Every structure is written in C-alpha cells, then in structure tokens.
Amino acid sequence: MPNKATDQDLDTFFEKLNSTNRERELLVPPMGAVDLCSNDYLCLSKHPELIHALHEGIELCGAGSTASRLVRGHRAVFDSIEKKTAAWLNAPTALFFANGYAANVGTLSALCDASYECFVDRLAHASLVDGVRLSGAKKSYFRHNDMEHLESLLKKSKSTRKVIITESIFSMDGDRAPMETLEDLAARHESLLYVDDAHAVGVCGDEGRGLSSSGADLRVITLGKALGLEGALVLSNERLRRFLLHQARPFVFSTAPLPAIAHAALTAIDLARRMDAERTQIQNQAQILREKIKSEGYSSGLSTTHIVPLILEDEKAALDCAETLTQKGFHVKAIRPPTVKESRLRFSLNAGLDDAQFTALLRALEGIG
Ligand SMILES: Cc1ncc(COP(=O)(O)O)c(C=O)c1O
C-alpha cells in the first residue's frame, strides 16, 4: 500500500519543481571538455603518483576498513595521516572523518547543545548549518563577512558559550573571510572560532597550508577538493580531539573510511606542498578572468580567489551561458537559487588549464550572455 501522506507530499514537491524549472539531473561530465567546475584545483585526482599511492594503499591495507575505528576499523595509517596533517598545518592534533559533511555535522553537533549560541556567516556551507541545527544550539546568522554585524550580535548575546563559524574561502563567491578580525573578535568575546578551510587548503597559503591559522580553535580541511581524494580532518587541541573521538556520531557510528585513502593522502600532501608554481598560475589566471568578466560588462561579485563567479541576471541566462560554454568545450555549471541568491556561472580554476585553453576560454567569453 502506498503511503498516501507521502504521495501527497511528493506531488507537492514535484509540482513546485516543475513550476520553477529547477529539476536537477545527474550528468556524466562531457567527454573532452575542459574542467572549470570541479574542486580538483591541483588536478591531483588524476596525478599518476596519487593513483599509484591509492593502488598501493589497497594492496597494503585491503579494500575496506571493516568497522568503525573504535571497533576494528582503525589502522596505523590513520594515525600517520593525522600526524602528518597536523604537522603540515601547525595544529596540535587532527582527527580523520569520511568527508567534510560528516566532519562538520559530527563536530558541531557533538560540541554544542542548547546552552550554546552559534554565530554563523549567512553564506556558510550547508554542512556547517546542518551541524548547528542538529546540535540544538541557538543560531545567530551574521551578514556575510560583516564583522560589525557579528560584533553587534556577540555584544548582545547573553550566552557564555559562543562559537563563531565561518568558511575561509566561500565556495560560491570565492571571497575570503577576514581571519585576523575573526580571531580578534573570538578572543575579545570569549568565543570559540570554527573555520572550514575546505576551499583554501592546497590552493592558498605557503606550501598550500590554506587560510585558517592556528588561531582558530577548530579547523576543518577536506581531502576531496585540492587534495584529489575524499575525506576530511578536524584540527584541534588534544582534549577536543579526544572528546570528538567519543562524541562525534559520524566518527563513532560509521564504518571507518578506506585505509587506502589515508595512505594515498600522505602522498597528496607531499605533492600539494610542492605545487607553489601551480598555485601562482591559478591565482594569476583568476585575476585575468575577473578582468575579462568586467570588460564584458558583468560582475564577478566578491571573488578574490580561484573561484570566480560570473553573475547573471536570471536563471535562464545562467543556464544558457553554461550551455554555450559547454558547447565550446568548457565544462562550467550554472548555479541558481536557492543555492545562491543571484544566478551565476561558477568558474573554479585548476592547475590543468594551460595557456592555450585559458586564452580560448577568454575568447569564448566574448559577447557571452
Ligand atoms: C565549505 C565546504 N565544507 C564542507 C564541504 C563538504 O565536504 P565533502 O564534500 O568532503 O563532504 C563542502 C563541499 O563539498 C564545502 O564546500
């Protein structure tokens, strides 16, 4: 027997979806098109040394981990990657999670409860928002990167348990959070600072160390973006790590990630650290792309990094422009509400974009829209 209540809810959902023309599809990337939408910023997912390391990890550690790390899923290689990541990023300790979503949801829901107030940047990633929601903490959203607004909320707060939550580079706009001001506000208002460095690690900073400094109490990096794999690490002091090991539910109640991923991540970090030339190339191209977008009469919003939006007037324009560029051999995605307020193309630049392809991209943008 179909569940009638559910059927009605699905009908409502699909009617709304049809009326807003926001149906999503799962599409295999177009063959041969230049990648301008993945988060594989250093192209490590295709790097022969990393692929070799992953094979090697499977040979050494087997296919699956077989259980939660607290049962039988733990392997020495998880200790190795945690220590190596912590040393690279100047953090006391690190704890490995299956992915960034699990790391953020698991950490925030373990850390906070109804006695906390979380100050969350309005544009923070869904995994951060979901973690706060699940924790039951009071949510106070501050206007995107608006430190005066954040401070006014902190001043008004009666809570003695505060957490400021932000990304270091915002994934849809490509702008940076003002890290020093955030650290200062956290210190002055006795708040914890939680920074998601997913889009900065590997691509920004000296030896790809990202943008969140050790001034943050909790930092999250993901392996699924510039490091070409999957997984995430939460960086913190020893006591917080020990707490998360007991209390972060996606860590405790889920089969440990493939140990081979941790083995390969050791190589990914070595490779990423050496890629200063690629980091410079990506940032230079991003600057030229922003200038091109401006000269075509469009805005690239707040971008100052390798993520460059081209803001368009509406959803249809964004879809049409993405289609035009895809036909010209560039794989770019239209990002539309409700993911973002203003429809846009989101270019994410990567180290594989050579001079000829980049010049062709600039040409393809002439008269776009
Ligand atoms: C800022 C940010 N944090 C966390 C995540 C989630 O990471 P993962 O893809 O490893 O689950 C993403 C995107 O995927 C992200 O953009």
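What you see is a predicted model, and the numbers here were worked out from it, not measured in a lab.

**Student:** Requested: an account of the packing of helix α7 (residues 147–156) against helix α8 (residues 179–188), with residues and values cited.
**Tutor:** Relative to each other, α7 and α8 sit at 10°, their axes nearing to 11 Å. Here α8 runs roughly parallel to α7, going by the angle between their axes. Between α7, through Met 147, Leu 150, Glu 151 and Leu 154, and α8, the contact on the second element is made entirely by Thr 181, Leu 182, Leu 185 and Arg 188. Grouping the amino acids of the contact of α7 with α8 by side-chain chemistry returns five nonpolar, one polar and two charged.

**Student:** How would you explain the domain arrangement of the chain if you had to name every residue and give the values?
**Tutor:** Splitting the chain by domain gives domain 1 (25–42 + 276–364) and domain 2 (48–273). Here the C-alpha centroids of domain 1 and domain 2 sit 26 Å apart. Summed over both partners, the interface of domain 1 with domain 2 comes to about 1,600 Å²; 54% of that surface belongs to carbon and sulfur atoms. In terms of surface lost to domain 2, no three residues of domain 1 exceed Leu 42, Arg 279 and Leu 302, which account for 31% of the buried area on that side. Measuring nitrogen to oxygen at the nearest pair gives 3.2 Å for the salt bridge that ties Asp 173 to Arg 344. Here domain 1 is connected to domain 2 by 12 residue pairs in polar contact (both at pLDDT 80 or more). Looking at the side of domain 1 that touches domain 2, the elements that each hand over two or more residues are α12 (276–295), β9 (307–311) and β12 (344–348). Here the side of domain 1 that touches domain 2 gets four residues from one element, more than from any other, and that element is α12. Looking at the side of domain 1 that touches domain 2 residue by residue, the class counts come to eight nonpolar, seven polar and five charged.

**Student:** Tell me what's going on with the site of the ligand, and back it up with residues and numbers.
**Tutor:** Neighbouring residues of the ligand: 13 residues in total, closest Gly 100, Tyr 101, Asp 196, His 199 and Lys 225. Measuring from an oxygen atom of the ligand, one finds a backbone N or O atom of Gly 100 at 2.7 Å. Within the backbone of Tyr 101, an N or O atom sits 2.9 Å from an oxygen atom of the ligand. Protein contact buries 81% of the 380 Å² of open area that the ligand shows by itself. The leading source of residues in the shell around the ligand is helix α5 (residues 100–111), at three residues. Here the shell around the ligand is composed, by residue class, of two nonpolar, eight polar and three charged.

**Student:** Account for the packing of aromatic side chains, with residues named and values stated.
**Tutor:** With the rule as written, the count across this model stands at three aromatic pairs. Between Phe 78 and Phe 96 the ring centres are 5.5 Å apart and the planes differ by 55°, which places this aromatic pair in the tilted class. Remark: Phe 96 occurs in strand β2 (residues 93–97) and Phe 78 occurs in helix α4 (residues 76–88); sequence separation between them is 18 residues. Each member of the pair, Phe 78 as well as Phe 96, carries the same accessibility label: buried.

**Student:** So, α5: which residues are in play, and what are the values?
**Tutor:** With 12 residues, α5 ought to run about 16 Å at 1.5 Å a step, and its terminal C-alpha atoms sit 16 Å apart, in line with that. Buried residues dominate α5, accounting for 11 of its 12 residues. Buried residues of α5: Gly 100, Ala 102, Ala 103, Asn 104, Val 105, Gly 106, Thr 107, Leu 108, Ser 109, Ala 110 and Leu 111, and no others. Capping the start of α5, Asn 99 holds a side-chain oxygen 3.2 Å from the backbone nitrogen of Tyr 101, two or three residues further along.

**Student:** Explain the sheet that holds β12 to me, and be specific about the residues and the numbers.
**Tutor:** Pairing between the strands of a sheet comes from backbone hydrogen bonds, and it takes one of two forms, parallel or antiparallel. Taken in spatial order, the three strands make up an open sheet running β9-β12-β11, and their pairing is antiparallel. Edge positions in the open sheet fall to β9 and β11 (333–335), since each of these has one partner strand only. Within the sheet, the average angular offset between the axes of one strand and its neighbour, ignoring direction, is 35°. Across three bridges, the pairing between β11 and β12 is antiparallel. Paired with Ala 334 across the two strands is Leu 345, which belongs to β12. Along the sheet face, helix α13 (residues 315–327) touches β11 and β12 and points at about 40° away from the line of β12.

How each quantity is defined
The numbers attached to residues start from 1 for each chain and follow its sequence in the written order. Residue-level local features of this predicted model are given only where pLDDT is at least 70; pairs of side-chain atoms are given and counted only at 80 or more, and the full residue set underlies all totals for whole chains, interfaces and linings. The basis for the side-chain values is all heavy atoms of the structure; hydrogens and waters are excluded. Note on geometry: axes are lines fitted to C-alpha atoms, helical ones only across the stretch in contact, with angles between N-to-C directions running from 0 to 180 degrees. Helix and strand assignments follow DSSP, with helices taken as H or I runs no shorter than four residues and strands as E runs no shorter than two, numbered in order from the N terminus. When an angle is under 35 degrees it counts as roughly parallel; over 145 it counts as roughly antiparallel; between 65 and 115 it counts as roughly perpendicular; any other value is oblique. It only takes one pair of heavy atoms within 4.5 Å for two residues to be counted as in contact. Just so you know the grouping, Ala, Val, Leu, Ile, Met, Phe, Trp, Tyr, Cys and Pro go in nonpolar, Asp, Glu, Lys and Arg go in charged, and all remaining residues, Gly too, go in polar. Domains are outlined according to an automatic or database domain assignment. A quick way to say it: buried area is the sum, across both parts, of accessible area lost when two parts are put together, with a 1.4 Å probe. Salt bridge, as applied in this entry: a Lys or Arg side-chain nitrogen positioned within 4 Å of an Asp or Glu carboxyl oxygen. For the purposes of these results, a polar contact is taken to be a pair of N or O atoms within 3.5 Å, where, inside protein, one atom must be able to donate a hydrogen and its partner to accept one; residues adjacent in sequence count only when each atom of the pair is a side-chain atom. For this purpose, a residue is taken to be near a molecule or strand whenever a single non-hydrogen atom of the residue falls within 4 Å of it. Here the open area of atoms and residues is found with the Shrake-Rupley method and a 1.4 Å probe, where only the protein chains shown may cover a residue. For Phe, Tyr and Trp, where Trp contributes only its six-membered ring, two rings pair if their centres lie within 6.5 Å, and the inter-plane angle classes them as stacked under 30 degrees, edge-to-face over 60, or tilted in between. The buried label goes to any residue with under 20% of its type's maximum accessible area, the exposed label to any with over 50%, and the partly exposed label to all in between, with areas taken from a 1.4 Å probe on protein chains only. Take the number of residues in a helix, subtract one, and multiply by 1.5 Å to get its expected span. For two strands to count as paired, DSSP must find a minimum of two bridges between them.

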